[in-house]
Amino acid sequence: MYSLNNQSKESYKLLIVDDTGMNRAVLRKIFEPVYEVYEAENGEDALRVLEKCQYDMDIILLDLLMPVMDGIEFLSIKKTMSQIEAIPTVVITSVESVEQQVQLLELGVSDYIHKPFHNSIVKIRVDNVLQSSLRYKQVMKAYSEALEIAQTDSLTGIYNRATAQKLIENVLQLDVSHPHAFIMVDVDNFKSLNDSYGHLFGDQVLLHLSELLKSSFGETEIIGRMGGDEFAIFIPRVNRHGELLQMGTKLSEQLSSRRIDGVSVNCSMGIAVAPKDGSNFVKLYKNADKALYMAKSLGKNRCCIYRNDL
């Protein structure tokens, strides 16, 4: 557990964005003992403050109703800027509609507080969001350190099973409050391809697939060869489950659209999501494999998401 109260106020930077000076003064009084507090009167002003700070900000407390640029417009712009997209944001609102909550979550908001302010609740909510962000940074730091010493698969150059499993378990243990996707990928009819065209061709297929996977995902995703023609992709902090099936289908189409030495190659995929489908590597692997089996049984060259009735 992180104790924010034991840190100097320079340790964590908080940006308060609110057009009402009285609100900013109240919030500043709540957070100044621990945070280095910055202020902005609207979204446009907030962008200027962030640029001036070289985008070094730990958390943003954002009002929604403001002139010039309101909170929704600011969040929409923030989502497109890589420098500030990951800064956790807590929204100040007087509205409690389900529609607005959905909109805010889709825009990446971490939490929200209601007017009029209750000082203790405001502080606890903001502190909790920052603590979650710090834990996530710890996960990413551990992941980066593991990258330097990780063992890779000798053929494809991606992580071998042992290394991928260790990295995935690390994320699952340290970041239990967010969903993560586990994707199994298997080359269709791989044994027949080896028998028909030889093992060197089979190696080419595996290399081609590994290159496709590496080019399709970023540095935060974990890609490993589980053995044979089986690969795994682990995506931390999945935001929209509905996009997973679309992503898997797109990967299958990309592989099948390219020919290797004139031969068309397909793959099938199965997806499981933590913690819903398992909170450890073994359980996620098992359920993603069940979804993969379903994809194979439905005709291969497709992607399926795990259901508990499989």
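Residues numbered from 1 in each chain as written. Predicted model: local features only at pLDDT ≥ 70, side-chain atom pairs only at ≥ 80, totals over all residues. Heavy atoms only, no water.

(A) Inspection of the overall build of the protein chain at higher detail. When helices and strands are tallied, the protein chain shows 10 helices and 13 strands. Taken along the three principal axes of its C-alpha coordinates, the protein chain extends 75 × 40 × 35 Å. The buried share of the protein chain, reckoned over its 310 residues, is 47%. Counting contacts in the protein chain only where the partners sit at least 6 residues apart, residues at least 24 apart contribute 67% of the total. (Helix = DSSP H or I, 4+ residues; strand = E, 2+ residues; numbered from the N terminus. Buried < 20%, exposed > 50% of the residue type's maximum accessible area, 1.4 Å probe, protein only. Contact = heavy atoms within 4.5 Å.)

(B) Representation of the sheet that holds strand 2 (residues 35–40). The 5 strands lie next to each other as 2-1-3-4-5, forming an open sheet whose pairing is parallel. The sheet terminates laterally at strand 2 and strand 5 (111–114), the two strands that pair on one side only. Here the strands of the sheet are splayed against their neighbours by 20° on average, with no regard to which way each runs. For strand 3 (residues 59–63) and strand 4 (residues 89–93), the ladder comprises 4 bridges, and the chain directions are parallel. Residue pairing across strands places I60 opposite T89, the latter belonging to strand 4. Packed onto the sheet, helix 2 (residues 43–52) meets strand 1 (12–17), strand 2 and strand 3 and runs at close to 135° relative to strand 2. (Pairing = 2+ DSSP bridges. Axes fitted to C-alpha atoms, helices over the stretch in contact; angles between N-to-C directions.)

(C) The state of the cysteines, seen in detail. A complete count under the given rule lists 0 disulfides for this structure. Here C303 stays unpaired: no disulfide links it, and the sulfur of C304, its closest cysteine neighbor, is 6.7 Å away. C303 sits in the buried class, given a relative accessible area of 9%. (Disulfide = S-S within 2.5 Å.)

(D) A look at helix 6 (residues 161–174). The terminal C-alpha atoms of helix 6 lie 20 Å apart, and with 14 residues this matches the ideal 20 Å at 1.5 Å per residue to within 8%. For helix 6, the complete set of buried residues consists of T163, A164, L167, I168, E169, V171 and L172. (Expected span 1.5 Å × (residues − 1).)

(E) Geometry of the layout of surface pockets. By volume, the largest pocket amounts to about 1700 Å³. Along its surface, the largest pocket is lined by 43 residues, and E85, G108, R237, V238 and N239 are the ones closest to its centre. At the level of elements, helix 4 (98–106), helix 5 (119–149) and helix 9 (242–257) are the ones that each hand at least two residues to the lining of the largest pocket. The element that contributes the greatest number of residues to the lining of the largest pocket is helix 9, accounting for 6 residues. (1 Å grid on protein atoms, 1.4 Å probe; cavity = no way out; pocket = protein on both sides within 12 Å on 5 of 7 lines; lining within 4 Å. Points joined across faces, edges and corners; volume = space filled by probe spheres on them.)

(F) Expanded view of the confidence of the model for the protein chain. In the predicted model, the protein chain carries a mean pLDDT of 87, and 93% of its residues have values of at least 70. Long-range and interchain partners of residues 6–10, a stretch whose pLDDT sits below 50, account for 8 contacts in this model, where long-range means more than four residues apart. (pLDDT = per-residue confidence, 0-100.)

(G) Looking closely at the sheet that holds strand 6 (residues 159–160). One open sheet holds the 6 strands; their spatial order is 6-8-9-7-12-13, and the pairing between them is mixed. Bordering the open sheet on either side are strand 6 and strand 13 (303–305), each of which pairs with just one other strand. Packed onto the sheet, helix 8 (residues 199–216) meets strand 7 (180–187), strand 8 (222–227) and strand 9 (230–235) and runs at close to 5° relative to strand 9.

(H) Structural view of the packing of aromatic side chains. If you walk through the whole model with that rule in mind, you get 5 aromatic pairs. With a centroid separation of 5.6 Å and an interplanar angle of 80°, the aromatic rings of F182 and F281 are classed as edge-to-face. Of the two residues, F182 sits in strand 7 while F281 sits in helix 10 (residues 281–297), which places them 99 residues apart along the sequence. The pair F182 / F281 is uniform in exposure class, with both members buried. By the ring-pair criterion, three or more aromatic residues cluster together here, those being F182, F281 and Y285. The ring of Y136 has R237 sitting right over it, with the charged end atom 3.7 Å from the ring centre. (Phe/Tyr/Trp six-rings, centres within 6.5 Å; stacked < 30°, edge-to-face > 60°. Lys NZ or Arg CZ within 6 Å of the ring centre and 35° of its normal.)

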